[in-house]
Number of protein chains: 2
Amino acid sequence: MTKMFGYKIHHRDGKARQGTVQTARGEIRTPAFMPVGTAATVKAMMPDSVAATGADILLGNTYHLMLRPGADRMERLGGLHKFMNWSGPILTDSGGFQVMSLTGLCKLTEDGVKFKSHIDGSEHFLSPETSMDIQRKLGSDIVMCFDECTPFPATEKESIESMQRSMRWAQRSKDAFGDRPAHALFGIQQGSIFRDQRAESAEKLIDVDFDGYAIGGLAVGEGQAAMFDVLDYAPGQLPDDKPRYLMGVGKPDDIVGAVQRGVDMFDCVLPSRSGRNGQALTRMGAVNIKNARHADDPRPLDPDCTCPACSNYSRAYLHHVFKANEIISSMLMTWHNLHYYQELMSGLRGAIKIGQLDAFVKDFHAVREQGDLERL
Amino acid sequence: MTKMFGYKIHHRDGKARQGTVQTARGEIRTPAFMPVGTAATVKAMMPDSVAATGADILLGNTYHLMLRPGADRMERLGGLHKFMNWSGPILTDSGGFQVMSLTGLCKLTEDGVKFKSHIDGSEHFLSPETSMDIQRKLGSDIVMCFDECTPFPATEKESIESMQRSMRWAQRSKDAFGDRPAHALFGIQQGSIFRDQRAESAEKLIDVDFDGYAIGGLAVGEGQAAMFDVLDYAPGQLPDDKPRYLMGVGKPDDIVGAVQRGVDMFDCVLPSRSGRNGQALTRMGAVNIKNARHADDPRPLDPDCTCPACSNYSRAYLHHVFKANEIISSMLMTWHNLHYYQELMSGLRGAIKIGQLDAFVKDFHAVREQGDLERL
């Protein structure tokens, strides 16, 4: 059966690419931002609202879903798409990152990782094989290899050992994934901030042969400058004709810089988490709606934004419902932030199409530096 | 200027009425259920979703809004409708009930009520005059008289003193309300469970002359049988040609029984509060979605319900997001419950139109007694 997954690059501008990832469940316009739907919901959003912001694909978290509601249950219920009422593509992570960041107590061996649930303390085991099995049961369209996200900072020795084990796990992931023409498997490059290790990792992944390639181990505390240093070369170490996905990134200016450096896909909890915490992300910077000076402000968050929060509500209202701890605060602020992120991605795609990415990025930074938006 | 408020009764069936309340902001089909938007939001719902359930009018709480965001601020911001993005009619209560039920520490005199905010302990004063002023600043379409909701149980002496003071306050409310052709003022009948006091209260209110009449002091612990005993005569003591509003009611079978007894309007936090607590109200009874037996259930809450929760999600999903404490749980469960309430009101209106209310009510109870809905 022909592979129902592919990547067509339509336009290039410098290292940046504008294309379409084709999946059995629909197309993903790149550069793409994937909202995070950790526990089978993009928090505080209805799926049709997420789609209305312009999202083509969601990310689901294997770690959370395997614990609750559980992979076997999800399979019995017909998979994650049906469960959460999202008919478009879904990418799932491998669970490895959350195991190591959320459980504290875990034991890593060549075989895999033993850990205890942060919900009820029950013991679980994740490995390349079990992660592939769980992601298959979830029905994920884009499956991620099971790997270790090398902690930062790491010595060269620590990093290379971690990376090489992840590369052995990448082969095991591929073997366990098997032949699934309607689904894609992405490898994950590691190697911390060491260029030769990143090169070795890329070569090993290319040997295994994946449908797409993620850049892992970044946005873990190294800072934007160090991240951009790696992104100056890492995307070029990966195949040109496959989608490149920078995991867990990021702030708007992180995304813009990464797109310039040849990255196609992103995910981050920032827009949804910030929204719930009362922080609106706008083209001019962040607005903290809990600030008392918004209490009497009849103006919208951003007069140029067309999201429901900006179209229908004053800052005074958004301030009020945040202070009153009303659910609509999370609903409106999340909607605004996801809308802004998708507008940014749309702007990046449009700029690449017409070969004006540099001008777009210059304007992006000028607007932020000028700031204001009624002084945020 | 002609009064822009009126009530047209289109159909009668026994004591029940089906009509249209006309306001400057649109029509209210009766019998009507008003979702409660305490703090300028129907919790967990976007206003367009509330309208989509079939609600013609919302209720706002004067007590909450006067404390936060404050009446003067609301007036500066253009009123409650604009603030919360609801263009239809809004009824506001007088604040009296919440003052006495939420603040604990309050001092009631002939003049009014002194109380401390439950938010920050600040001192406030509510009286007929201040309540009318606050409700005017909010921009309420249907303003409620300031009264005391007589506690239950009350001795005849306690009740008559409370009722007669509320009737003096009703006159003061009317005087303070003044001449506002685009807005309506409703009187509130008190008198606890004493028929002669209810009659005296009604006569005094009719002397003052209001645009509509509420039945107050019920659903405060007396039980459905005692409430229905009062409703067997109280609506008939009020003018036939004005809307009758039973405050704070209630459960679906309370509403059905009250409509049979001649009540036109209702409000209650039950559907929204129950929804947030994981209880779905259906034609066959309540479903507690947190119950473990829903965890693997692929069926909707109610296969005959057309709300988004029932159309797009399994009980397994609703159980999962409730257990995972996800915001979408409150969103979907509230939507279902408000949808069910509005469907019930629509059914009552339809039955009255065709003179089949008794058959409708018989079927309503038969379906609930038969129960099942897959054993709830």
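*Asks:* Would you mind going over the overall build of chain A with me for this structure?
*Replies:* The helix and strand tally for chain A stands at 16 helices and 16 strands. Along the first, second and third principal axes, the C-alpha atoms of chain A reach 60 × 45 × 45 Å. By the burial criterion, 55% of the 376 residues in chain A qualify as buried. Contacts in chain A between residues far apart in sequence, at least 24 positions, make up 67% of those at least 6 positions apart.

*Asks:* Explain the pairing of strand S2 (residues 16-23) of chain A here, please?
*Replies:* On a regular strand, each side chain points to the face opposite its neighbour's, so the side chains alternate between the two faces of the sheet. All names here are of chain A. Across the 8 residues of S2, 6 count as buried, placing the element largely inside the fold. With antiparallel pairing between neighbouring strands as the criterion, strand S1 (residues 6-13) and S2 make up a hairpin whose turn holds 2 residues, including Gly-14 at a positive phi of roughly 65°. The antiparallel pairing of S2 with strand S3 (residues 26-30) creates a hairpin that spans 2 residues between the two strands.

*Asks:* Looking at this structure, how should I read unusual backbone geometry?
*Replies:* When glycine is set aside, most residues are seen to have a negative phi, and most peptide bonds are trans. All names here are of chain B. In this structure, the amide linkage connecting Arg-68 to the following residue, Pro-69, adopts the cis form with an omega of 10°. Checked against the element boundaries, Pro-69 lands in the loop between helix H2 (62-67) and helix H3 (71-76). Look at the link from Val-249 to Gly-250: it is a cis peptide, with omega at -5°. Checked against the element boundaries, Gly-250 lands in the loop between strand S13 (244-246) and helix H11 (252-260). Phi at Asn-85 is positive, roughly 60°, even though this residue is not glycine. Structurally, the position occupied by Asn-85 is in the loop between helix H4 (80-84) and strand S6 (90-92).

*Asks:* Quick question: what am I supposed to make of the relation of the copies chain B and chain A here?
*Replies:* Mapping between the two chain copies consists of a rotation about an axis together with a translation along that axis. Superposing chain B onto chain A takes a rotation of 180° plus a shift of 0.0 Å along the axis, which leaves an RMSD of 0.0 Å. Both chain copies can therefore be described as sitting about a two-fold axis. Distance from the rotation axis, computed per C-alpha, reaches its smallest value in chain B at Ile-327 of chain B: 3.7 Å.

*Asks:* Help me understand the pairing of strand S9 (residues 123-126) of chain A in this model?
*Replies:* Note that strand S8 (residues 113-116) of chain A and S9 of chain A share 4 bridges and pair antiparallel. If you follow Val-113 of chain A over to S9 of chain A, its bridge partner there is Leu-126 of chain A.

*Asks:* Just checking my understanding: could you explain the domain arrangement of chain A for this structure?
*Replies:* Interface size is often expressed as the accessible area that is lost when the parts come together. Residues and elements named next belong to chain A. Domain annotation for chain A reports domain 1 (6-268) and domain 2 (275-370). The interface of domain 1 with domain 2 comprises 24 residues on the first partner and 21 residues on the second. The element best represented in the side of domain 1 that touches domain 2 is helix H11 (residues 252-260), accounting for 5 residues. Along the lines of polarity and charge, the residues of the side of domain 1 that touches domain 2 split into 13 nonpolar, 7 polar and 4 charged.

*Asks:* I tried to follow the interface of chain B and chain A on my own but got confused; where do I start?
*Replies:* Listed as interface residues are 31 residues of chain B and, on the opposing side, 31 residues of chain A. Counting only elements with at least two residues in the side of chain B that touches chain A, the list comes to H3, H4, helix H14 (315-323) and helix H15 (327-353) of chain B. Each residue belonging to the side of chain B that touches chain A can be placed in one class, and the counts come to 18 nonpolar, 6 polar and 7 charged.

*Asks:* What exactly am I supposed to notice about the packing of helix H14 (residues 315-323) of chain A against helix H15 (residues 327-353) of chain A here?
*Replies:* Each pair of packed helices gets described by two things: the angle between the helix axes and the distance between those axes. Residues and elements named next belong to chain A. For the pair H14 and H15, the least separation of the axes is 7 Å and the interaxial angle reads 130°. Regarding the angle of H14 to H15, the classification is oblique. The two elements H14 and H15 cross, and the hand of that crossing is left-handed. Contact with H14, carried on its side by Leu-318, Val-321 and Phe-322, involves Ile-328, Ser-329, Leu-332 and Met-333 of H15 and no other residues of that element.

*Asks:* It is not clear to me how the nonpolar core should be interpreted in this structure. Could you clarify?
*Replies:* The nonpolar side chains of soluble globular proteins are, as a tendency, buried together. The biggest cluster of nonpolar side chains holds 223 residues, and the ones touching the most others in it are Phe-186 and Leu-318 of chain A together with Phe-186 and Leu-318 of chain B. Once residues within four sequence positions are removed from consideration, Phe-186 of chain A is found in contact with Ile-142, Met-144, Cys-145, Phe-210, Asp-211, Gly-212, Tyr-213, Ala-214 and Tyr-245 of chain A.

*Asks:* Could you clarify how one ought to interpret helix H7 (residues 156-177) of chain A in this entry?
*Replies:* Two residues of an α-helix separated by three or four positions point the same way, owing to the 3.6 residues in each turn. All names here are of chain A. With 22 residues, H7 should cover 32 Å at 1.5 Å per step; its first-to-last C-alpha distance of 30 Å lies within 8% of that length. The set of residues buried in H7 consists of Ser-159, Ile-160, Ser-162, Met-163, Ser-166, Met-167, Trp-169, Ala-170, Arg-172, Ser-173, Ala-176 and Phe-177. Those residues of H7 hidden inside the fold are in contact with helix H6 (128-138), strand S10 (142-144), strand S11 (184-189) and helix H8 (195-208). Positive backbone phi, at 75°, marks Gly-178, one or two positions downstream of H7.

Quick notes on the rules
Within any chain, residue numbers begin from 1 and follow the written order of that chain's sequence. By the order in which they are written, chains take letters starting at A while ligands take numbers starting at 1. Residues qualify for local features only when their pLDDT is at least 70, as the model is predicted, and side-chain atom pairs are given and counted only at 80 or more; totals for whole chains, interfaces and linings, by contrast, use all residues. Every helix listed is a DSSP run of H or I at least four residues long, and every strand listed is a run of E at least two residues long, numbered separately from the N terminus. Working definition of burial: number of other C-beta atoms within 10 Å of the residue's own, with buried at 20 or more, exposed at 12 or fewer, and partly exposed in between, all C-beta atoms being placed from the backbone. What counts as a contact here is a pair of residues whose C-beta atoms, placed from the backbone, lie within 7 Å. Two strands form a pair only when DSSP identifies at least two bridges running between them. Each copy is superposed on the other by least squares, with the fit set by C-alpha atoms of residues at a pLDDT of at least 70 in both. Domain delimitation follows an automatic or database domain assignment. Put simply, Ala, Val, Leu, Ile, Met, Phe, Trp, Tyr, Cys and Pro go in the nonpolar bin, Asp, Glu, Lys and Arg in the charged bin, and everything else, Gly too, in the polar bin. In this analysis, axes come from line fits to C-alpha atoms, helices being fitted only over the stretch in contact, and the angle between any two N-to-C directions falls in the range 0 to 180 degrees. Note that the term roughly parallel is reserved for angles under 35 degrees, roughly antiparallel for angles over 145, roughly perpendicular for angles of 65 to 115, and oblique for everything else. By definition, any crossing whose near helix is turned counterclockwise from its far helix by less than a right angle is left-handed, and any crossing with a clockwise turn is right-handed. Among buried residues, those of type Ala, Val, Leu, Ile, Met, Phe, Trp, Tyr and Cys that are joined through C-beta atoms within 7 Å form a set called a nonpolar core. In a helix, the anticipated span is given by 1.5 Å times the number of residues less one.

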